[in-house]
Every structure is written in C-alpha cells, then in structure tokens.
Amino acid sequence: YSPLNSDPSVREIRLLHLQPGAWKDPIQGTLDVVSLSKKPKYQALSYVWGDPTNRKPISIDGELFLATQYLFNALQRIRHPWKQLYLWVDAVCINQDDLHERQNQVAIMGEIYNGAEEVL
C-alpha cells in the first residue's frame with residue numbers, strides 16, 4: 001500500500017480501479033490515492049465480509065490479494081465487460097494491517113459513503 005496523508009484535513013482514501021473483464025477472467029485492479037476534497041467519482045461497495053478463511057485470489061497492482069469469497073463474488077458480478085470501474089471497497093482500499101490507518105479511515109467512512117455516486 002502507498003501511504004495515505006496522515007493529516008486528517010486532507011481526507012485521503014484509496015480507490016480501486018477494477019479492470020474490465022468477462023465473467024471467468026481473473027479479477028484485476030489497481031489502487032490510486034485521492035482526496036475526498038477533490039470530489040472524485042466512484043461507487044462504494046457495501047457487503048458482508050463473510051468467512052475470513054474462505055478466500056479467492058485477485059490481483060491488485062500486480063500483487064496477489066486474497067479476497068473473501070463474498071467480495072470475490074461481488075467484484076465478479078459488478079465488473080463491467082469493457083470499462084473500468086472506480087470503487088471504494090473497505091477490505092481492499094484500507095490497509096487492514098495498519099491500525100492507525102484503519103482508525104482514520106473508519107472515522108471518515110460516513111463521508112466516504114456520502115461522497116460516492118452510488119452505494120452498491
């Protein structure tokens with residue numbers, strides 16, 4: 001993960017650029033850091049994480065990311081066949097291993113969802 005600005009007034013988040021693909025194609029994406037103050041256009045994905053031991057591989061920035069089965073299913077269903085989608089997905093866009101980052105991102109989660117064009 002590239003680091004987010006620790007200044008809370010900047011209100012940075014990561015967005016997942018979900019690459020297009022057919023149903024059976026591997027799920028691939030990249031992460032980009034943006035500031036909510038610039039009003040980026042994105043959709044937020046709301047889902048149940050599910051069983052943390054039941055995981056499927058996806059590729060984020062060319063690296064293996066083990067998504068829960070429910071997240072994998074959601075990304076597979078919403079992926080567009082020929083255009084990139086810009087998504088905020090908590091499990092992917094927040095570095096779950098960084099407690100400080102998690103706390104800061106949870107604190108602005110209302111703003112993240114309110115800033116989305118659509119919540120899926």
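All of the points below concern the structure found in this document. What you see is a predicted model; the values in this text were computed from it and never measured.

### Considering the pattern of salt bridges
- Under the definition given, this model contains two salt bridges.
- The shortest N-O distance in the salt bridge between Glu-111 and Arg-11 comes to 2.6 Å. Of the two residues, Glu-111 is situated in helix α4 (residues 109-115) and Arg-11 in the segment before β1 (12-18); the sequence distance between them amounts to 100 residues.
- When its relative accessible area of 31% is taken as the criterion, Glu-111 is described as partly exposed.
- For the salt bridge of Arg-14 with Glu-101, the shortest nitrogen-to-oxygen distance reads 2.6 Å. In this pair, Arg-14 is assigned in strand β1 and Glu-101 in helix α3 (residues 99-107), connecting sequence segments 87 residues apart.

### Some thoughts on the sheet that holds β1
- Within the open sheet, the seven strands sit side by side as β5-β4-β2-β1-β6-β3-β7. Their pairing is mixed. Of all the strands in the sheet, the pair left with one neighbour each is β5 (63-68) and β7 (118-119).
- Bridge count for β1 against strand β6 (residues 85-88) is three bridges, and the pairing is antiparallel. Residue pairing across strands places His-17 opposite Tyr-86, the latter belonging to β6.
- Strand contacts of helix α1 (residues 69-78): β1, β4 (55-60), β5 and β6, with the helix running at about 105° to β5, the strand carrying the most contacts.

Reading guide: rules and limits
- Residues numbered from 1 in each chain as written.
- Predicted model: local features only at pLDDT ≥ 70, side-chain atom pairs only at ≥ 80, totals over all residues.
- Heavy atoms only, no water.
- Salt bridge = Lys/Arg side-chain N within 4 Å of Asp/Glu carboxyl O.
- Helix = DSSP H or I, 4+ residues; strand = E, 2+ residues; numbered from the N terminus.
- Buried < 20%, exposed > 50% of the residue type's maximum accessible area, 1.4 Å probe, protein only.
- Pairing = 2+ DSSP bridges.
- Contact = heavy atoms within 4.5 Å.
- Axes fitted to C-alpha atoms, helices over the stretch in contact; angles between N-to-C directions.

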